[in-house]
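Close look at the chain arrangement
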Amino acid sequence: MGQFPAWFTVLAWVSIGVGVVCALWVARDVGRRPQPMAVMNVVWPVTMLFGGVVWLGFYRRFSRAAPHGRRSSAAGDTPMLVAVATGTSHCGAGCAIGDLVAEFALVAFPVLGVLVGRGTLYQDEIFAGWILDFVLAFGLGIVFQYFSIAPMRGLGVRAGLIAALKADTLSISSWQVGMYGMMALAQFLVLPALFGGRADVLSPEFWFVMQIAMLAGFATAYPVNWALVRSGLKEKM
């Protein structure tokens, strides 16, 4: 593992701390001002973990509900830029939860790595984490999308799941491309070059890099979500 200077560790803790504080503030806020779409009561606090004050500003400006869950405007009146950012954040929340659960689960239960091919298909544990991340992120992303798209379209379980798969398969995959790309760049090139090694999953430096990687995921998923909304496969949020 890398030998990180104190300033980098402090920076990592500050960034993580800001994300946690923003998440707690939004969790409290949606408790008082619930979102019209119930799943967003989970989405917004989770996105604060990587988006921090930028996402907090976006939430307060465009997505904070009035008391009793009323919104000042309907989804159809929402500017496309805002609607797509909201939908992309919705996708990212499932990815974020999946990443958190998968990475810590792999530390607690290393046998999970063997189950997804470590030791037979590859040796590096980082790939086991990425496979588990993707599986959980994809599953949670589809669940999140189901609870968005099914109520809006009045769909049953089967039809809702099919619609969710159509809407979010490309969205989640494009998010993971950006996220994995940034994590690979950091873990294989940047951190070893600057600090002599990678960041361990249990270190603040790892989760600081993950915050940056999640923002990269947002950047790669945003144009895909725009195309999905334009095509009608995904609802405007």
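Residues numbered from 1 in each chain as written. Predicted model: local features only at pLDDT ≥ 70, side-chain atom pairs only at ≥ 80, totals over all residues. Heavy atoms only, no water.

Before going further, it helps to examine the overall build of the chain. Along its length, the chain carries seven helices and zero strands. What you see in the chain, going N to C, is helices and strands ordered as α-α-α-α-α-α-α. In terms of C-alpha radius of gyration, the chain reaches 18 Å, essentially the compact-globule figure of 18 Å for 237 residues. The C-alpha extent of the chain, read off along each of the three principal axes, is 50 × 40 × 30 Å. Counting only contacts in the chain whose residues sit at least 6 apart along the sequence, the fraction spanning at least 24 positions is 77%. Averaging the positions of the 16 positive and the 11 negative side-chain charges in the chain gives two centres separated by 15 Å. (Helix = DSSP H or I, 4+ residues; strand = E, 2+ residues; numbered from the N terminus. Rg over C-alpha atoms; globule rule 2.2 N^0.38 Å. Contact = heavy atoms within 4.5 Å. Lys, Arg positive; Asp, Glu negative; His and termini not counted. Charge placed at Lys NZ, Arg CZ, Asp CG, Glu CD.)

On to helix α5 (residues 125-153), then. In this model α5 runs 42 Å from its N-terminal to its C-terminal C-alpha over 29 residues, within 8% of the 42 Å that 1.5 Å per residue would give. By the N-cap criterion, in which a side-chain oxygen at the helix start approaches the backbone nitrogen of a residue two or three places on, α5 is capped by Asp-124, the distance to Ile-126 being 3.0 Å. Gly-154 lies just past α5 and shows a positive phi near 65°. (Expected span 1.5 Å × (residues − 1). Polar contact = N/O pair within 3.5 Å; in protein donor to acceptor, adjacent residues only side chain to side chain.)

Take the packing of aromatic side chains next. For the coordinates displayed, the defined rule picks out 24 aromatic pairs. For the pair Phe-50 and Trp-55, a centre-to-centre distance of 5.7 Å together with 65° between the ring planes defines the contact as edge-to-face. Exposure remark for Phe-50: the relative accessible area of 7% places this residue in the buried category. Ring centres of Phe-127 and Trp-130 lie 5.6 Å apart, and the angle between their planes is 85°; on these two criteria the pair is classed as edge-to-face. A residue pair is termed a helical-turn pair when its members lie 3 or 4 positions apart in one helix, as Phe-127 and Trp-130 do in helix α5 at three residues. Exposure remark for Phe-127: the relative accessible area of 31% places this residue in the partly exposed category. (Phe/Tyr/Trp six-rings, centres within 6.5 Å; stacked < 30°, edge-to-face > 60°. Buried < 20%, exposed > 50% of the residue type's maximum accessible area, 1.4 Å probe, protein only.)

This paragraph deals with the pattern of salt bridges. Applying the stated rule across the entire model yields three salt bridges. The partner of Asp-29 in a salt bridge is Arg-64, with the nearest N and O atoms 2.8 Å apart. Linking Asp-29 in helix α1 (residues 6-32) with Arg-64 in the loop between α2 (40-63) and α3 (80-108), this pair joins segments that are 35 residues apart in sequence. Judged by its relative accessible area of 29%, Arg-64 falls in the partly exposed class. (Salt bridge = Lys/Arg side-chain N within 4 Å of Asp/Glu carboxyl O.)

Looking at the secondary structure, you find Val-157 in helix α6 (residues 157-195). The spatial distance from the C-alpha of Val-157 to the C-alpha of Phe-147 is 9.9 Å, given a sequence separation of ten residues.

Turning to its location among the elements, Asp-133 is positioned in helix α5. The side chain of Asp-133 sits in the buried core without any salt bridge; Arg-198 is the nearest counter-charge, 12 Å away. If we skip the residues at most four places from it in the chain, Asp-133 touches Gly-98, Asp-99, Ala-102, Glu-103, Gln-176 and Tyr-180.

Moving on, we come to the nonpolar core. In this structure, Trp-44, Met-48, Trp-175, Leu-191 and Met-214 are the most contacted members of the largest nonpolar core, which totals 62 residues. Listed by contribution, the elements that provide at least two residues to this core are α1, α2, α3, α5, α6 and α7 (204-231). With twelve residues, α6 is the largest single contributor of residues to this core. Ranked by size, the runner-up nonpolar core spans five residues in total, among them Ala-102, Leu-106, Tyr-122 and Ala-128. (Core = buried A, V, L, I, M, F, W, Y, C linked by side-chain atoms within 4.5 Å.)

With 96% of its residues at a pLDDT of 70 or more, the chain shows a mean pLDDT of 90. By mean pLDDT, α5 is the weakest element of the chain at 86, and α1 is the strongest at 97. (pLDDT = per-residue confidence, 0-100.)

As a further point, take a nonpolar patch on the surface. On the surface, a cluster of nonpolar side chains totalling about 520 Å² of accessible area is made up of Phe-127, Leu-185, Phe-188, Leu-189, Val-190 and Leu-194. Here the nonpolar patch gets five residues from one element, more than from any other, and that element is α6. (Patch = residues over 30% accessible without salt bridge, like charges linked within 9 Å, V, L, I, M, F, W, Y side chains within 5 Å. Areas by Shrake-Rupley, 256 points an atom, 1.4 Å probe, with all protein chains shown as cover.)

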